[in-house]
Amino acid sequence: LNRSFDRGRKLARLLLILSMLVVLTVTILAVASLF
Amino acid sequence: MGVVEALFYMIALVIMAVVSLVLLAGAAVYSLLTGIVAFWRAAAGFLAPRPAEHLNSDESADPADFEYLAGPALRDHWRLAGTSFAAVYRRILSLSDGGSNNSLPDDKSNNLVPDGRSNNSLPDRGSNDSLLVWLLWRKHWWVTSDTPLPRLLPSAGIGVGFVVGFLAASALVAATLAVQFVVLAAIAAGVSLTSRAFWLLETGALALRGIAIACGRCHQRLIRPVFVCPCGRAHRNLMPGKQGTFHRTCRCARRLPTLLILGKHRLTARCGHCGAPLPRLAQSIPTYHLPIVGGFAAGKSVFMHTAIERLCHDPRHAVELADEHTARRFAQGREHLQGGGFVPHTPLGQPVAYTVRFGPHLLHFYDAAGEILERPRHMAVSSFVELSDGLVLIVDPFALPAVRARADATTLCEARPSVADPKAVLDVLVQTLREHRGASTALAMRVAVVITKADALLTVPNLRHPYVGLPAEVSARTAAVRDWLIDQGHRDVVNSLQNHFSEVGYFIVTYLDGASVTSRPHVDGGPAVANDDPSAPVRWLLAGGRI
């Protein structure tokens, strides 16, 4: 295994989770603000 | 149709429409969640650890892994986007996915049992089907030409819900990937900028400190050495870059520093042209190239050994023989000299440098065979001359006719005089330098003219030693030797040196002063005379100009 790729992909996965959380939070807040 | 039937039909239609709307919302939410799960599974699978050798497709790169965040991360992100959208589409809307049987049944009586399940393939397709396929397979008998509208509405609602869910999931995936892209791009840009900054820092520091690298064997100037990993793999461009900013990982999984400050100088360095090992300090301290030239048997090798010996006695500077090759040859030469013999003649060919660390300098001494200077065609290809930061021109006093005429046979026999005319040697040297450097004015370098065999010179009767009665002051001694050469009938040599070089220094040395400089009496009597320290020409060269 390429350790740099291994570490990098772990970071990318973490970023993906954080990005999804950010998007979901913003979406929920946006929807909630409609009501 | 009667009024009552129409009324019932309308009521059923309204009820089914309401039910369809509820089903639409449920299907949209369900397909959205299913799409998110499909996206996450696809992304997790894509970003899982896997062999990456195939990603190193650049054949010209060093045998090391690429830094993921310095570029491949963005390429991966683009591929991840394609994989993610495809996974979401496949899970919700695709009609052509699902494994062995992708076609919809065209005859329900042929493939389906009354409860809507296939009698052969449907149970196996469940987990791979898209939601739409599931709907059409499971409910497709509702969607026929004779299906009443109220019964059609729930299926239509669910189908539209799937489409809405797909669009929502796609928007969510797109937004997630966009946020991730922004962060990844910022990180990649930061890594790239950091690499470039440290590349400039490393290169600039070397340039500011005047450190340039040239091979002592093939005499080629090098942009940078080839560094060899302990596993044997050669890294031609071990600098901050796409394979790592501060370290890189060799194919053998060993981490190699890319910066000198992090210990790169401790790696084995080789010439990229001929593969010769380079001194450990090649990139740590400024390097100076000092060719020692003169006619055959003029005493070049003896002078070089004696000068290095004297340099080694200097208590003020750290002195070391910088590579194994130098140490071995120097030990052999010292053995010959201490045994009262002469060092063997230098073999004809391009000289391999003797490399010595002298304080903050790395000195490359080139002991060129005298035959090279006596044969212009050999000298023309002597690229070591091009590297020179200063020159040592060796003059055998017994090659001068006026001195030779006064010396007796015994002295001449012991001195083993050179027969090369110093002026002829100088002319070839100047011509070669002009060819290599193309200068039309004076060559901007110091030349130390060293008269050797001074011990034998003291045994020649009626020959005044230039230093008799002189103080040990450099300028006075230089002038005295110059005048002495003129007195011996070699004004042409002195004038040529003055015309072609920016600075010329004159010295007289003997190999007997290797351990310490001592005064010796002249055969004609008078005060004892001390010759120059054999390392004095080297120190004088180091003290001036570029050096």
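The following paragraphs examine the structure supplied in this document.

## Examining the interface of chain B and chain A
Okay, so step 1: Between chain B and chain A, the contact holds 33 residues from the first and 19 residues from the second.
Okay, so step 2: Here chain B meets chain A over a buried area of about 2400 Å², counting both sides, of which 73% is carbon and sulfur.
Okay, so step 3: In terms of surface lost to chain A, no three residues of chain B exceed B:Trp40, B:Leu47 and B:Tyr68, which account for 24% of the buried area on that side.
Okay, so step 4: Connecting chain B to chain A are one salt bridge.

## What about the packing of aromatic side chains?
Pairs of aromatic rings are described using the distance from one ring centre to the other and the angle between the two planes.
Residue and element names in this part refer to chain B.
Okay, so step 1: All told, the structure shown has four aromatic pairs over all chains when counted by the stated rule.
Okay, so step 2: Judged by centre distance (4.8 Å) and plane angle (75 degrees), the rings of Phe198 and Phe246 are edge-to-face. Pair noted here: Phe198 is in helix H6 (residues 149-208) and Phe246 is in the loop between strand S4 (234-235) and strand S5 (247-249), with a separation of 48 residues, a long-range link.
Okay, so step 3: Residue Phe198 is classed as partly exposed on the basis of its relative accessible area of 25%.
Okay, so step 4: The partly exposed category is assigned to Phe246, whose relative accessible area is 35%.
Okay, so step 5: Here Arg329 stacks its cationic end above the ring of Tyr354, 3.8 Å away from the centre of that ring.
Okay, so step 6: For the cation-ring pair, Arg477 lies above Tyr467, with the distance from its terminal atom to the ring centre recorded as 4.0 Å.

## Regarding empty space enclosed by the protein
Residue and element names in this part refer to chain B.
Okay, so step 1: Under the defined criterion, the tally for this structure stands at three cavities of 30 Å³ or more.
Okay, so step 2: In this structure, the largest cavity occupies an estimated 60 Å³ of space.
Okay, so step 3: Around the largest cavity sit Gly294, Gly295, Ala298, Leu393, Ile394, Val395, Asp396, Ala399, Ser418, Ala420, Pro422 and Val425, which together line it.
Okay, so step 4: Within the residue set of the lining of the largest cavity, elements represented by two or more residues are strand S12 (390-395) and helix H14 (422-437).
Okay, so step 5: When residues of the lining of the largest cavity are assigned to their parent elements, the largest contribution, three residues, is made by S12.
Okay, so step 6: Taken together, the residues of the lining of the largest cavity sort by class into eight nonpolar, three polar and one charged.

## Regarding the environment of B:Pro397
Residue and element names in this part refer to chain B.
Okay, so step 1: In this structure, Pro397 sits in the loop between S12 and helix H12 (401-406).
Okay, so step 2: Remark: the alpha-carbon pair of Pro397 and Ser20, spanning 377 residues in sequence, is separated by 116 Å.
Okay, so step 3: Residues within four places of Pro397 in sequence aside, it is in contact with Val403, Ile451, Thr452, Lys453, Leu457 and Trp484.

## Comments concerning the state of the cysteines
Okay, so step 1: Applying the stated rule across the entire model yields zero disulfides over all chains.
Okay, so step 2: Cysteine B:Cys271 is unpaired, with the sulfur of B:Cys218 as its nearest cysteine sulfur at 3.6 Å.

## What about the pattern of salt bridges?
Okay, so step 1: For the coordinates displayed, the defined rule picks out 11 salt bridges over all chains.
Okay, so step 2: The salt bridge partner of B:Asp76 is A:Arg9, with a shortest N-O separation of 2.9 Å. With B:Asp76 in helix H2 (residues 72-92) and A:Arg9 in helix H1 (residues 3-34), this pair bridges two chains.
Okay, so step 3: Overall, the relative accessible area of 2% leaves B:Asp76 in the buried class.

## What about the sheet that holds strand S7 (residues 268-270) of chain B?
Residues and elements named next belong to chain B.
Okay, so step 1: Taking strand neighbours across the sheet as the criterion, the three strands line up as S4-S3-S7 in an open arrangement whose pairing is antiparallel. Looking at the sheet topology across the chains shown, the edges are occupied by S4 and S7.
Okay, so step 2: As judged from the two bridges shared by strand S3 (residues 226-228) and S4, these two strands associate in the antiparallel manner. Considered in S4, the bridge of Val228 is made with Ala234.

## Here we look at the pairing of strand S10 (residues 354-358) of chain B
Every regular strand shows the same layout, with side chains that alternate between the two sheet faces.
Residue and element names in this part refer to chain B.
Okay, so step 1: S10 sits mainly inside the fold: four of its five residues count as buried.
Okay, so step 2: Taken together, the three bridges between strand S9 (residues 319-321) and S10 define a ladder with antiparallel strand orientation. For Val319, the partnering residue across the bridge sits in S10 and is Phe358.
Okay, so step 3: Here S10 pairs with strand S11 (residues 361-367) via five bridges, running antiparallel. Residue pairing for S11: Phe358 is matched across the bridge by His361.
Okay, so step 4: Two successive antiparallel strands, S10 and S11, enclose a turn made up of two residues, where Gly359 displays a positive phi of approximately 60 degrees.

Reading guide: rules and limits
Just so you know, the residues in each chain are numbered from 1, in the order the chain's sequence is written. Chain letters and ligand numbers both follow the written order, the letters beginning at A and the numbers at 1. Given that this is a predicted model, residues contribute local features only at a pLDDT of at least 70 and side-chain atom pairs are listed and counted only at 80 or more, while totals for whole chains, interfaces and linings are drawn from all residues. Hydrogens and water are ignored here; the side-chain numbers use all heavy atoms of the structure. By definition in these notes, contact holds between two residues if any of their heavy atoms fall within 4.5 Å. The quantity reported as buried area is the accessible area (1.4 Å probe) lost by two parts once they are put together, taken as the sum for both. Any carboxyl oxygen of Asp or Glu that lies within 4 Å of a side-chain nitrogen of Lys or Arg is treated as forming a salt bridge with it. Two rings from Phe, Tyr or Trp (for Trp, the six-membered ring) form a pair when their centres are within 6.5 Å of each other. A pair whose planes differ by under 30 degrees is stacked, one over 60 is edge-to-face, and the rest are tilted. Secondary structure elements follow DSSP: runs of H or I no shorter than four residues count as helices, runs of E no shorter than two count as strands, and numbering proceeds from the N terminus. With a 1.4 Å probe rolled over the protein chains alone, any residue whose accessible area is under 20% of its type maximum counts as buried; one over 50% counts as exposed, and the rest are partly exposed. Cation placement over rings: the criterion is NZ of Lys or CZ of Arg within 6 Å of the ring centroid and within 35° of the ring normal. The method works on a 1 Å grid over the protein atoms by themselves. A cavity is a set of points holding a 1.4 Å probe that cannot get out, a pocket is an open set with protein on both sides within 12 Å along at least five of seven lines, and residues with an atom within 4 Å of a point line them. Grid points are joined across faces, edges and corners, and a volume is the space filled by probe spheres set on the points. Gly is put with the polar residues, along with every residue not named as nonpolar or charged; the nonpolar set is Ala, Val, Leu, Ile, Met, Phe, Trp, Tyr, Cys and Pro, and the charged set is Asp, Glu, Lys and Arg. When two cysteine sulfur atoms lie within 2.5 Å, the pair is treated as a disulfide. Each pair of strands is called paired provided DSSP finds at least two bridges between the two strands.

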